[in-house]
Amino acid sequence: MILGLETSCDETAAAVVTGEGEIRANVVASQAALHASFGGVVPEVASRRHLELVAPVVRGALVEADATLDDVELVAVTAGPGLIGALLVGLSAAKALAWGRGLPLAPVDHLHGHVASLYLEPEPLDPPFLGLLATGGHSLLLDVRDRSGYRVVGTTIDDAAGEAFDKGARLLGLGYPGGAALDRLAADGDPEAYDFPVARLDGLDFSFSGVKTALLYAVRGLAVDELERRRADLAASYQRAIVRALVSRTRAAAEELGHDRIAVVGGVAANSELRASLPDAALAPLALCTDNAAMIASAARFVEPLAPPAYLDLDAHAAA
Ligand code: KG4
Ligand code: ZN
């Protein structure tokens, strides 16, 4: 059994996954409410909360799995990218757990973790495929040939897709993080009401700053009561523009690289319109789209683990 830990942003998460990729426990303590009044994640506040939550969350995962530390054979932890202080809490906890039991430790790349959310039971996906990874921090097109990694073939030149959703949600007066709330509001709106531009770049990169600015101007141009009436239309049109950009680039990349399989992972993969727009794609299960530790434990199965004491001086890294 693999014990996975994830603390790269504002979710404190622990999971127990078997070597075959069966999830025995997947516990996520979200700090979203804690950061909501600040309109975004406050790194120092996140680190402190991870420190308070990491032991109870690990304990919770073991209880849920009906297991004890005696059953754990490998500890997996996110080493980066993410908030450095937040990462260090998870990494230190993982080192302590592994060292105390003489267990190996697998440092996992958070983005590899998102991709590995596709490799879990009951419907594990087999590479090769073209991956779209869309989160609050990244929008990447990935050439995935095997389960041990990926090659980045496209990225965003400005905002990530999740960031664009969050900023749009903020403009529409929805809370933080607003992606899911915008998705819900959009369901009551007309996606054709506004024509927001989708940036057309050469190559396989994304850009979301233009559509965000277009929404800003549309919002500014409306009186308060009018804005209230058009909010759902604005949300639906904005979502449509982002999803169209994601879908068209992803299909173009798949064609260019000769992949007949598309897979979508990350928080934005939970978006209802994106899921509906790619009916033939492999979509990460809803519970595994946003940050969790089951995906980290899953990725650890395809990473070379470090034996004790080799991991004691392992460092977290903020950048990818
Ligand atoms: O993967 P994730 O939990 O964290 C990062 O690694 O960044 O992704 C979080 C992002 C946030 O920007 C959130 O607003 C977005 O995923 N998100 C959504 C939806 N659910 C979460 N965006 C659009 N529609 C959703 N239903
Ligand atoms: Zn993530």
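Rules of the game
Residues numbered from 1 in each chain as written. Chains lettered and ligands numbered in written order. Predicted model: local features only at pLDDT ≥ 70, side-chain atom pairs only at ≥ 80, totals over all residues. Heavy atoms only, no water. Pairing = 2+ DSSP bridges. Helix = DSSP H or I, 4+ residues; strand = E, 2+ residues; numbered from the N terminus. Donors = N, O, S within 2.8 Å, 3.2 Å for Na, K, Ca; no water. Tetrahedral: all angles 85-135°; square planar, octahedral: opposite > 155°, others 65-115°. Domains from an automatic or database assignment. Buried area = accessible area lost by both parts, 1.4 Å probe. Salt bridge = Lys/Arg side-chain N within 4 Å of Asp/Glu carboxyl O. Polar contact = N/O pair within 3.5 Å; in protein donor to acceptor, adjacent residues only side chain to side chain.

Remarks on the sheet that holds strand S9 (residues 262-265)
1) Next: The strand order S8-S7-S6-S9-S10 describes an open sheet built from five strands, whose pairing is mixed. Bordering the open sheet on either side are strand S8 (151-154) and strand S10 (282-283), each of which pairs with just one other strand.
2) Next: As defined by bridge partners, strand S7 (residues 139-144) adjoins S8 across three bridges and the pair is classed as antiparallel. Within the sheet, the bridge partner assigned to Leu142 lies in S8 and is Val152.

Brief notes about the coordination of the zinc ion (ligand 2)
1) Next: Summarising the metal site, the zinc ion (ligand 2) is bound by the protein donors His110 (NE2), His114 (NE2) and Asp291 (OD), whose distances to it range over 2.0 to 2.1 Å.
2) Next: Classification of the site at the zinc ion (ligand 2) as tetrahedral follows from its four donor atoms and the range of 96 to 134° in their angles at the metal.

Let's talk about the domain arrangement of the protein chain
1) Next: We note that the domain assignment places domain 1 (2-118 + 290-313) and domain 2 (127-260) within the protein chain.
2) Next: Between the C-alpha centres of domain 1 and domain 2 there is a distance of 28 Å.
3) Next: Taken together, both faces of the contact between domain 1 and domain 2 bury some 1,100 Å²; the carbon and sulfur share is 71%.
4) Next: Between domain 1 and domain 2 we count zero salt bridges in total.
5) Next: Between domain 1 and domain 2 we count three residue pairs in polar contact (both at pLDDT 80 or more) in total.
6) Next: Broken down by secondary-structure element, the contributors of at least two residues to the side of domain 1 that touches domain 2 are helix H1 (32-36) and helix H4 (110-116).

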